[in-house]
Amino acid sequence: CVNMIARNADDTIQMALESVLPYVKRVILTIDGRSFDKTEEIALKLVNKYKNLEVDKFPIVNPQVDIIKMRNSQLNRVVEPWVWIVDSEEVYPSEIIKQIDLDIRNDVFAFRCWAIWDKNHIHKSTSTRIVPRIFKMKSDRFWQHTFGN
């Protein structure tokens, strides 16, 4: 199950979603309630094309607290054995997804992410960190982090 959060991502959301939707059983997309562009409109059109896409919106009042609540509300809905955190500006070429499928052996899989440069180009994320992105789902797993510091 892919978990994705989006805010003002109308320039990247379709590419990001369509890079993973054909390969996973389910994508839970939660739109940040502060989003004011066409992200939600684009996502809702994709629901008609992809039956494995679920879209909802989460109200944000206190970002430092509510973003964590938003991520945990997604994790609480995962019934699949694996969860993959994908950002709304990330895209994964099919050969990368096939390699991930072959390489998963542990409870956590970490790698460098691919970011959307523009509608025709992607690049490895500017971060040089290897980021844990795919997790074996367990009932006691939850998201904890701080934002904005």
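Scroll up to find the structure this text is about.
Let me begin by describing the structure that accompanies this report. None of the values given here were measured: they were computed from a predicted structure.

Some thoughts on the pattern of salt bridges
Alright, step 1. For the structure shown, the criterion picks out 8 salt bridges.
Alright, step 2. One salt bridge in this structure joins E80 and R26, with 2.9 Å as the shortest N-O distance. Of this pair, E80 sits in the loop between α3 (63-75) and β4 (82-85) while R26 sits in the loop between α1 (13-20) and β2 (27-32), and the two are 54 residues apart along the sequence.
Alright, step 3. Judged by its relative accessible area of 12%, R26 is buried.
Alright, step 4. For D56, the salt bridge is made with R77, and the minimal N-O distance between the two is 2.5 Å. Here the residue D56 occupies a position in strand β3 (residues 53-58), and R77 occupies one in the loop between α3 and β4, the gap between them amounting to 21 residues.
Alright, step 5. Where salt bridges share partners, they join R26, E54, D56, R77 and E80 into one cluster.

Remarks on the packing of α1 against helix α2 (residues 39-49)
Packed helices, taken two at a time, are described by the angle their axes make and the gap between the axes.
Alright, step 1. As a packed pair, α1 and α2 sit with axes 10 Å apart at the nearest point and diverge in direction by 30°. Taken together, α1 and α2 sit at an angle that is classed as roughly parallel. Our pair here, α1 against α2, has a crossing hand that is right-handed. Between α1 and α2, the contacting residues are I13, Q14, L17 and E18 on the first element and T39, I42, L46 and K49 on the second.

Conventions we followed
Residues numbered from 1 in each chain as written. Predicted model: local features only at pLDDT ≥ 70, side-chain atom pairs only at ≥ 80, totals over all residues. Heavy atoms only, no water. Salt bridge = Lys/Arg side-chain N within 4 Å of Asp/Glu carboxyl O. Helix = DSSP H or I, 4+ residues; strand = E, 2+ residues; numbered from the N terminus. Buried < 20%, exposed > 50% of the residue type's maximum accessible area, 1.4 Å probe, protein only. Axes fitted to C-alpha atoms, helices over the stretch in contact; angles between N-to-C directions. Parallel < 35°, antiparallel > 145°, perpendicular 65-115°, else oblique. Left-handed = near helix turned anticlockwise from the far one by under 90°. Contact = heavy atoms within 4.5 Å.

All quantities given are derived from atomic positions and should not be read as evidence of function.
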